[in-house]
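# Notes for the structure review
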Amino acid sequence: MLVSLKWLSQYVDVDSLTANELAEKITRAGIEVDAVIDRSQGMTNVVVGHVVSKEKHPEADKLNVCQVDVGEEELQQIVCGAPNVDAGQKVIVARPGAKLPGGIKIKKAKLRGQESNGMICSLQELGIEGRLVPKAYAEGIYVLPADSVPGADVLALFGLDDTVLELGLTPNRSDAMSMLGVAYDVAAILGQDVKLPEITYAAASEKATDLLKLRVENIEANPMYAAKVVKNIEVKDSPLWLQNYLMAAGVRPLNNVVDITNYVLMEYGQPLHAFDYDRLETGEIVTRLAKDGETMTTLDDQERKLASHNLVITNGLEAEAIAGVMGGEKSEVTDATKTVVIESAYFNPGSVRRTSKEIGLRSDSSARFEKGVDPNRVLVAAERAAQLLAELANGEVLEGTVLVDELDKTPVRIVVSPDFINGRLGMKISLEEMLDILARLKFDVEAANGVLVIDAPTRRGDIKIPEDIVEEIARMYGYDEIPMSLPAGDQPGKLTAYQAGRRIVRNVMEGAGLYQAVTYSLTSSANAQKFALKEETTTKLLMPMSEDRSTLRQSLIPHLVESASYNVARQADTVALYEVGSVFFGQTAEGTPVEEEHLALVLTGKWIDNSWQGEKKNVDFFVAKGMIEAVFAKLGLTNHVTYAKAVVDGLHPGRTAEILLDGEKIGVLAQLHPQEQKAMDVKETYVAELNLHAILKAAKEELIYSVVPRFPVMTRDIALELDRAVPAGEIVAIINNAGTKLLKDVKVFDVYEGEKMAEGKKSVAFSLKYFDPERTLTDEEVVAAHNKVLKALAEAGAEVR
Amino acid sequence: MEQQLTQLEQEVLTKIAEAADLKALNEVRVAYLGKKGPITDLLKGMGKLSAEERPKMGALVNTVRENVTAQLEQKVALLEEAAILAQLENESIDVTLPGAQVRIGNRHPLTRVVEEIEDLFVGMGYEIAEGPEVERDYYNFEALNLPKGHPARDMQDTFYITEELLLRTHTSPVQARTMEAKKGEHIRIICPGKVFRRDADDATHSHQFMQIEGLVIGENIRMSDLKGTLDVLAKKMFGAEREIRLRPSFFPFTEPSVEVDVSCHKCGGEGCNVCKKTGWIEILGAGMVHPNVLEMAGYDSKKVSGFAFGIGAERIAMLKYGVDDIRHFYTNDTRFLSQFHQAEV
Ligand SMILES: [Zn+2]
């Protein structure tokens, strides 16, 4: 909403404040002023000129040499390139030394040898947006009314010596979508009265109802419809003051009839529509719901297809307008119009909202109807338009109003106690102060029996409940006056076990040298199921903005790999990222997917890089695995986790492990498939993903210490010759299950697959630790225990070297 | 014999002095003090002496032997020290060479902001509540006083999955779910999480972002409690000298509703480019929980009241760390992420 301070001052006196001071007060009291716009934009020295003569420039076809009277004794010669300049016109002249918007300075100049003392201007050159300039002057200079006086200041003539406040309205404050609505708020802030327009005109003796019949078929969609009939109007340009106000409000002037409806719309917030009475043809208006498939051509020359919930205004035979949204071409006011019907109505907000959304048409009218207009302004606005048509279009307003009115206009009654208001605010505002604020807001209020009985004015449709009164009192009293306190009562706060566990996991990842990444939950449908730990249906958006962000992901890996690729392309030596985020599987009974929080990592590039000491190592499978093991160790799950070779699409078939927690698959650890690496432009890259929910659910909550060995540990090594395909983990399991309690630890300490081994064989060496926490073991005991292990290995076919 | 002894002593002492290393010194020891050395010979020859001379001579030989031994040990110590010094000299390194790399990762700046706020509120007795990213229209809108067709739904462009399912546009549905679950009990929660709006990604918009909301419900919760709580938050995030101010605003789920500005941390309120010359920066929206929201969740709005607030983690991080483009948070450029190593104590 654009509020011209000149226009606003018709209703409330704002002269005591600068525009910025006023803007600050309005903002602090509840309506945000987004911008304070100086319409003059620093313009000076722009005056009315009278083009006394025009001659073709001797050397340039498109230029004219004009002699212009600017209110001084001597005529000024000005060269003008506008196609529509002509002798006899009153025009806008920027004189030498003038400043125009955009920092343009006008100087005396010679144009192709001809002296030019200034410039004849278009409205655009005065800083008025092209879309607001009347169509007739959109392509050239602006021609002023013939009675304009040469030498007069043009700034004042166009009302450009004005400031406009641009309001950023929240949806509840539709009352401020009118000059009067803003005036009421400003008056309340400044403690002033609102001067309402005086509406008087002489009505003709002929009755409006004699010319126009009215029938409303659907009262729910259209509870009130008022029409004024005005005869013998003269369609022409509006006076400049009216055009100026409209341009200041961001509306393009058209002709006096349309301009008046727009003016009243801006003034009262009540949209009006003007029909050409003769072009209606039937002398009748019937409002009804459209028939399914009914069509009509709207003002913008588009054929609109209607449905049975769209309200239309008809002439009894066919649709002439889509109620509250747009008029029809057929009954549009033209230069030839003699009699107009002014429609002022209340249309059901939901109905207008739905229709305008469906048709894709949001107008100044529909924007107001869909928020609900003030029921008590419907008639007043119609009368205001009639008055202006009489004054500015020489119309004869017929007696009376053609009216159907079943609209409830009773104000909302709110009963609230001052204690409630103070209790909600934590303040001690006196009853007198509250009454004063409500009086300033022009709310009807009575204080009785310790409560305030308030009838909220119908123009403030947002005031419905006691809490709304709390807000009104507070915003007028000043939010700065609210004291500061903290909620009473103490209670302990804490993280849940899951939240604490998640932080621990983050710490492990970061301690291992990984940066936390955050990537998007939405991905392409092609990527959505890639690397997923489960095979489930995906969740897709109804109307995605792009295919790349159309589906919820089922794995964190694809976006992490994209991030790795992004960094590699920017010369990163090492990329080490982890992410904790949700993935989305299948569908529950409620229709929602199961959301599971996962932990994932990506590693590529150098890992150890102490190059001057000759120590260098790139990331490999076991670097990644060490990090995963650290997570399990930190959560006390080491002995519950096993790794098994697996094959997953997009991962290296020889370097992929699925991770099992107590035998359940909860994750994957792998090198990306070389083809995948190539496609993503990365070198050897390792990824892992774990179901964080599953891990943290299993995590040990208690830590109980086990005895630190006080007696010597006996170590025995075993080297085995194995088939290459036999996993070391399997042998460790055999050793662990060999049945000796004295064995406390088994570690692989060497793996050899070189030329000294037979084809298809490898040597793996294990180090075994035996001890008893209570005593020193004898050699015999260790030998006995170790023999059990050797026996188990022999039974499994593992050959000791 | 006495003269012979003195001469021998001189000879040994000279040899000790001349010995350049431990090996030479050991040779001297073996040559003179060993079982076959001259001093031993002298002692053996004492049998030929008279009874009076024997003890005198014995004492003399012992003195000489002790002196020589002492001198020898002193020289050994000297040489050993020199040897250690020489070895240490050999072992010296260039201490200015870089240390072996220890990789340190760190939290994402958004998590850093979220955890800082979580910790602040946990310290004030709040719990952390979380909820799903895919929400029912009911919890995201209807339970928050935003029935279908409500004009204020236009304030938030929504990604719908079906007519009833959507990607949550704020973490308020977690509040609605918590209220429903707590069945009338008092509540103090903070709700961090990812949220989604149908916005094209650019320097200031992101279709996914991180929000942190707070909710307190209890008897006699007042707007002053909201203001005091937000003051604590602003001071924690932007410095102890910060002040806040409230401006009236509108959210369907709160009444009254406010927008909250914090005095500019860059210029201290004088006006600069960060605060657009106003001295204030808008950081969050808040308000008193709308009675309809309380009633829908089964609370008696006559008996309890509450406040709620919502803050964008990106906005806080951008202001706090001076980040100029919201997309930095989602491209995961390690040159960006690694800057958040440093702890703020
Ligand atoms: Zn500043």
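Residues numbered from 1 in each chain as written. Chains lettered and ligands numbered in written order. Predicted model: local features only at pLDDT ≥ 70, side-chain atom pairs only at ≥ 80, totals over all residues. Heavy atoms only, no water.

## Topic: the overall build of chain A
For chain A, the count of helices and strands is 22 helices and 41 strands. Its C-alpha atoms give chain A a radius of gyration of 42 Å, clearly above 28 Å, the size a compact globule of 801 residues would have. With the C-alpha coordinates of chain A rotated into their principal frame, the extents come out at 130 × 85 × 55 Å. When each of the 801 residues of chain A is scored for burial, the buried share is 52%. Considering only intrachain contacts with a sequence separation of at least 6, the fraction spanning at least 24 residues in chain A is 68%. If you sum the accessible surface of chain A, you get close to 36500 Å²; carbon and sulfur atoms cover 48% of it. Each charge class in chain A was averaged separately, 87 positive and 119 negative side chains, and the resulting centres sit 6 Å apart. (Helix = DSSP H or I, 4+ residues; strand = E, 2+ residues; numbered from the N terminus. Rg over C-alpha atoms; globule rule 2.2 N^0.38 Å. Buried < 20%, exposed > 50% of the residue type's maximum accessible area, 1.4 Å probe, protein only. Contact = heavy atoms within 4.5 Å. Areas by Shrake-Rupley, 256 points an atom, 1.4 Å probe, with all protein chains shown as cover. Lys, Arg positive; Asp, Glu negative; His and termini not counted. Charge placed at Lys NZ, Arg CZ, Asp CG, Glu CD.)

## Topic: the domain arrangement of chain A
Interfaces are often described in size by the accessible area the parts lose on coming together. Its domain assignment divides chain A into domain 1 (2-39 + 163-190), domain 2 (44-157), domain 3 (208-405), domain 4 (415-481), domain 5 (497-697) and domain 6 (714-800). Inter-centroid distance (C-alpha atoms) of domain 4 of chain A to domain 5 of chain A is 57 Å. (Domains from an automatic or database assignment.)

## A closer look at the interface of chain A and chain B
Each partner contributes residues to the interface: chain A has 88 residues there, and chain B has 89 residues. Carbon and sulfur atoms make up 53% of the area that chain A and chain B hide from each other, which totals about 7400 Å². Put simply, B:Glu115 and A:Arg506 hold a salt bridge, and the shortest N to O gap is 2.7 Å. At the boundary of chain A and chain B, one finds 46 residue pairs in polar contact (both at pLDDT 80 or more). (Buried area = accessible area lost by both parts, 1.4 Å probe. Salt bridge = Lys/Arg side-chain N within 4 Å of Asp/Glu carboxyl O. Polar contact = N/O pair within 3.5 Å; in protein donor to acceptor, adjacent residues only side chain to side chain.)

## Some points on the sheet that holds strand 5 (residues 208-218) of chain B
Taking strand neighbours across the sheet as the criterion, the seven strands line up as 1-4-5-9-8-7-6 (chain B) in an open arrangement whose pairing is mixed. Two strands in the sheet have a free side with no partner beyond their single neighbour: strand 1 (127-128) and strand 6 (244-251) of chain B. Direction of pairing for strand 4 (residues 187-196) of chain B relative to strand 5 of chain B: antiparallel, over a ladder of ten bridges. Counterpart to B:Ile187 in the pairing with strand 5 of chain B is B:Ile217. Relative to strand 7 (residues 254-263) of chain B, helix 14 (residues 466-477) of chain A is tilted by about 35°, and along the sheet it contacts strand 6 and strand 7 of chain B. (Pairing = 2+ DSSP bridges. Axes fitted to C-alpha atoms, helices over the stretch in contact; angles between N-to-C directions.)

## Topic: the nonpolar core
Within the largest apolar cluster, 153 residues are counted, with the highest numbers of intra-cluster contacts made by A:Leu8, A:Ile469, B:Leu233 and B:Phe309. Of the residues forming this core, the biggest block, nine residues, is contributed by helix 4 (residues 179-190) of chain A. Setting aside anything within four residues of it in sequence, one finds A:Ile469 in contact with A:Ile414, A:Val416, A:Ile421, A:Leu438, A:Phe443, A:Ile454 and A:Ile463. In terms of nonpolar packing, the next biggest core, distinct from the first, is built from 40 residues, A:Val229, A:Leu306, A:Tyr346 and A:Leu407 among them. (Core = buried A, V, L, I, M, F, W, Y, C linked by side-chain atoms within 4.5 Å.)

## Focus on the environment of B:Val232
Mapped onto the elements of the fold, B:Val232 is located in helix 8 (residues 223-238). On the basis of relative accessibility, which here comes to 26%, the residue B:Val232 falls in the partly exposed class. In the structure, B:Val232 is positioned 112 residues away from B:Leu120 in sequence and 8.8 Å away in space, judged by C-alpha atoms. Sequence-distant contacts of B:Val232, that is, excluding residues within four places in its chain, are made with A:Leu486, B:Leu120 and B:Met124.

## Topic: the coordination of the zinc ion
All names here are of chain B. Only Cys264 (SG), Cys267 (SG), Cys272 (SG) and Cys275 (SG) from the protein coordinate the zinc ion, and they sit 2.2 to 2.3 Å from it. With four donor atoms in place around the zinc ion and angles of 104 to 113° between them, the coordination shape is tetrahedral. Mapped onto the sequence, the donors of the zinc ion take the spacing C-x2-C-x4-C-x2-C. The residues Cys264 and Cys272 share a single accessibility class, namely buried. (Donors = N, O, S within 2.8 Å, 3.2 Å for Na, K, Ca; no water. Tetrahedral: all angles 85-135°; square planar, octahedral: opposite > 155°, others 65-115°.)

## Some points on the environment of A:Ala203
Residue and element names in this part refer to chain A. Within the element layout of this structure, Ala203 appears in the loop between helix 4 and helix 5 (208-211). Taking the relative accessible area as the measure of exposure, Ala203 reaches 39% and is therefore partly exposed. Sequence separation between Ala203 and Lys442 is 239 residues; the distance between their C-alpha atoms is 32 Å. In this structure Ala203 touches Val397 and Glu399, once residues within four positions along its chain are discounted.

## A word on the side chain of A:Ser563
As for its position among the elements, A:Ser563 is in helix 17 (residues 557-569). Given a relative accessible area of 6%, A:Ser563 falls into the buried group. For A:Ser563, the contacting residues outside a window of four places in its chain are A:Thr519, A:Leu577, B:Thr331 and B:Asn332.

## Things to note about helix 9 (residues 349-359) of chain A
Residue and element names in this part refer to chain A. Those residues of helix 9 that sit buried are Ser351, Val352, Arg353, Thr355, Ser356 and Ile359. Residues of helix 9 that are buried in the fold lie against strand 18 (303-305), strand 19 (311-314), strand 20 (319-322) and helix 10 (364-369). Where helix 9 begins, the side chain of Asn348 points an oxygen toward the backbone nitrogen of Gly350, at a separation of 2.9 Å. Gly360 sits one or two positions beyond helix 9 and adopts a positive phi of about 75°.

## Examining the domain arrangement of chain B
The domains assigned to chain B are domain 1 (2-90) and domain 2 (109-344). The C-alpha centroid of domain 2 of chain B is placed 91 Å from the C-alpha centroid of domain 1 of chain B.

## Points about the packing of aromatic side chains
Applying the stated criterion across every chain, the model contains 17 aromatic pairs over all chains. Seen in terms of ring centroids, B:Phe121 and B:Tyr126 are 4.8 Å apart; in terms of plane orientation they differ by 75°. Their pairing is edge-to-face. When its relative accessible area of 2% is taken as the criterion, B:Tyr126 is described as buried. What links up through ring pairs into an aromatic cluster is the set A:Trp7, A:Trp241, A:Tyr245 and A:Tyr263. Positioned above the aromatic ring of A:Tyr184 is the side chain of A:Arg459, whose terminal nitrogen or guanidinium carbon lies 3.7 Å from the ring centre. Positioned over the ring face of A:Tyr643 is A:Lys625, at 4.0 Å from the centre of the ring. (Phe/Tyr/Trp six-rings, centres within 6.5 Å; stacked < 30°, edge-to-face > 60°. Lys NZ or Arg CZ within 6 Å of the ring centre and 35° of its normal.)

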